[in-house]
Structure formats: structure tokens, C-alpha cells
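Geometric and topological summary
The lines below spell out each chain.
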Amino acid sequence: MHEEWQEEVLAEVRAGRRISDRDIVDQVRRAVLMQRLPPGTRLPEVTLGEVFGVSRSVVRKALTRLASEHVVDQRPNQVARVRAPSIEETRETFAARRLVEGEVAALLAGGLDAASTARLEQEVEREIEAHGRGDEPARIEHSLAIHHLLADRSPNRVLGAMLTDLILRTSIVIALYKRPSLGSCYLEGDHPSLLDALRQGEGEAARRAVVAHLESLEALLDLSARETRIDLMAILGQADEAQA
């Protein structure tokens, strides 16, 4: 059974809507974040072109964007692959995010406007609800929305831009290396604690909440090597259509 996002892509292809390189970027990135494309997965241009019904030039543009976002590795005369960050890079990425997001949270404590606070409260509630009904893709989306809101509202725009990049990089690492036996990376109480500190204007408490949250996430990773055969057609949505 296809995920909702896969069905949307297929519907667009069937309807003849022009698929852009941005569409491909969004779908591949989401497949990685939803843990459907493991580290090291080959992404041949020809296969991606067949999946999305586009030319290789469009696929190349998409892969270039994905490489700039640290989602794939591109090397001359080699097939692009989903990134497989080293243990050292993974640790350094989490360390950088703790520093940057901790500072952003401290700066934002007591400074969020009513609309932003309401949006944050809504995303925290929706994450809890999604976890309760076992909807992991939705839970991940709401969790990411919480952190992206902090980045977007950062009083320091440079730190905000850095945080946006680090959110994606750490999210990909979590998706790639989450322990196989772990159904969800949900950490009960973490986001509500952060929300409380932000509402009450407690900057250091907000910083500690972010640091504790990220340390807990890092502890859930399994950084051992994995080898997996992947069917891109099945994952990205075209295999079943060919049989229809």
C-alpha cells in the first residue's frame, strides 16, 4: 500500500502535471525522512527519470539540490547515493545543533508573539495525538514543524538559517540510523517541557530542554553498518502503476 504522499505523486503523473526538480527533491527527501531509503541507497538517473516520468536533465537538477541539502552524495562519474554520514560527522552534527538550537531557544524564551505561541502549542498537541494513534509519519512532521518554527522565529537570523540546515541534517541522520527495533523516536514530555520554558520566559530552562531532547535522540541511534537492497520503483511509487 502506498503512503499518501506517494499517491499524490502518482496522481500528478497520471494527470499529466509537469513534475519539476523541486517535486523530486521533496519526494526523495521525504522518503529518506520516513526511513524508506536507507543510507547508501543508489539513485540512478535513469530509474528516477522512469519513476517520475521526467528527463535525465530534470533528475540531475534534483540530485544537485539534494546534494546541497546533504541528502545525497554526488561524485563525478558515479551513481548518486543516499548519504551515509560517518559516526564522527553524526556526533559533530548533533553537537552543533545543541549549541545553535539551545541558543535560539534561550533567545526566544518569553519573546514569542501570541500567534507563534499558539502555533507551537498546536504542533505539540498534534505530535502527541499522532503518536497516540500510531501515525509515525505525521508525528515526525509535527515534530519537525516545532523545530522549524523556532528557526523561523529566531531573533538572530544567521542562527536561524544555521538551525534550519541542522534540523534537516540531524533529521536525516535519525531517519537513517534509528535502531531498527524502535518503532518511534517520540520522547514523551520533551516538547511540552520546551514549550513551558518558552512561555514562561525561562531562557536557560529552554536551552536545557533542547539539549536534553537532542542528547536523548542521539542515544537512540544505531551507527553500525547496514547493507540493504532497495527497489526504487516500489518505494517511490511507480511499480504498482505498471501492473494496473
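Our subject in this report is the structure included herewith. Sequence order sets the numbering: in each chain, residues are counted from 1 along the sequence as written. Note on the predicted model: pLDDT of at least 70 is required for a residue's local features to be given, and 80 or more for side-chain atom pairs to be given and counted; whole-chain, interface and lining totals, by contrast, use all residues. Computation of side-chain values covers all heavy atoms of the structure but excludes hydrogens and water.

What to know about the overall build of the protein
By definition, any uninterrupted DSSP run of H or I lasting at least four residues is a helix, any uninterrupted run of E lasting at least two residues is a strand, and each is numbered from the N terminus. Helices and strands together make up the secondary structure of the protein, namely 12 helices and 2 strands. Ordered by position from N to C terminus, the α and β elements of the protein give α-α-α-α-β-β-α-α-α-α-α-α-α-α. Counting every position in the protein, which comprises 244 residues, the buried fraction comes to 49%. Residue pairs at least 24 apart in sequence account for 77% of intrachain contacts in the protein once pairs closer than 6 positions are excluded. Shrake-Rupley sampling with a 1.4 Å probe provides the accessible areas, and residues are treated as covered by the protein chains on show and by no other component. Of the roughly 12,400 Å² that the protein leaves accessible, carbon and sulfur atoms contribute 48%. Between buried and exposed lies partly exposed: a residue is buried under 20% and exposed over 50% of the maximum accessible area for its type, with that area taken using a 1.4 Å probe on protein chains only. Any two residues whose heavy atoms approach within 4.5 Å are treated as being in contact.

A short note on the packing of helix α3 (residues 45-52) against helix α4 (residues 56-68)
Across the interface, α3 lies against α4 with an axial gap of 9 Å and an inter-helix angle of 105°. Considered as vectors, α3 and α4 are oriented roughly perpendicular to each other. Taking contact as the criterion, the partners of E45, V46, L48 and G49 in α3 are, on α4, R56, V59, R60 and L63. Partitioning the contact of α3 with α4 into residue classes produces 4 nonpolar, 1 polar and 3 charged. All axes are obtained by fitting lines to C-alpha atoms, using only the stretch in contact for helices, and the reported angles, taken between N-to-C directions, cover 0 to 180 degrees. These descriptions rest on fixed angle ranges, namely under 35 degrees for roughly parallel, over 145 for roughly antiparallel, 65 to 115 for roughly perpendicular, and the rest for oblique. The residue classification treats Ala, Val, Leu, Ile, Met, Phe, Trp, Tyr, Cys and Pro as nonpolar and Asp, Glu, Lys and Arg as charged. All others, Gly included, are polar.

Some details on unusual backbone geometry
Among all residues except glycine, the phi angle is most often negative; among peptide bonds, the trans geometry is most common. Its identity as a non-glycine residue notwithstanding, H70 has a phi of 70°, on the positive side. Its place among the elements puts H70 in the loop between α4 and β1 (72-73). The phi angle at N77 is positive, at roughly 60°, despite the residue not being glycine. You can see N77 is positioned in the loop between β1 and β2 (81-82).

Some details on helix α2 (residues 21-33)
Given the number of residues in a helix, its expected span is that number minus one, multiplied by 1.5 Å. Between the first and last C-alpha of α2 there are 18 Å, a value that for 13 residues agrees with the 18 Å anticipated at 1.5 Å per step. Of all the 13 residues making up α2, 10 are buried; the element is thus mostly covered by neighbouring parts of the structure. When α2 is considered as a whole, its buried residues turn out to be D21, D23, I24, V25, Q27, V28, R29, A31, V32 and L33.

Observations regarding the side chain of E45
Within the secondary structure layout, E45 lies in helix α3. Here E45 falls in the buried class, since its relative accessible area comes to 18%. Any pair of N or O atoms that falls within 3.5 Å is considered a polar contact. Within protein, one atom must be able to donate a hydrogen and the other to accept it, and sequence-neighbouring residues count only if both atoms are side-chain atoms. A polar side-chain atom of E45 sits 3.2 Å from a polar atom in the side chain of R60. E45 has contacts with R56, V59, R60 and L63, leaving out every residue within four places of it along the chain.

Thoughts on the nonpolar core
Membership of the largest hydrophobic core comes to 64 residues, with the highest contact counts inside it found for I24, F52, L120, L194, L198 and L217. Of all the elements, helix α8 (residues 157-177) adds the most residues to this core, at 10 residues. When near neighbours in sequence (up to four residues on either side) are disregarded, L194 contacts A105, L150, A206, A209 and V210. Definition used in this section: a nonpolar core is a set of buried Ala, Val, Leu, Ile, Met, Phe, Trp, Tyr and Cys residues joined via side-chain atoms within 4.5 Å.

Thoughts on the pattern of salt bridges
Here a salt bridge means any side-chain nitrogen of Lys or Arg lying within 4 Å of a carboxyl oxygen belonging to Asp or Glu. All told, the structure shown has 23 salt bridges when counted by the stated rule. R65 serves as the salt-bridge partner of D21, at 3.1 Å between the closest nitrogen and oxygen. Taken together, the residues span a long stretch of sequence, with D21 in helix α2 and R65 in helix α4 at a distance of 44 residues. Looking at D21, the relative accessible area reads 15%, which means it is buried. In this structure, the salt-bridge partner of R139 is E136, at a minimum N-O distance of 2.9 Å. Highlighted residues: R139 and E136, both in helix α7 (residues 136-153), separated by 3 residues, approximately one helical turn. Given a relative accessible area of 17%, E136 falls into the buried group. Here the salt bridges share partners, and the residues they tie into one network are D73, R83, E89, D165 and R169.

Remember, this is a structural readout, not a statement about activity or role.
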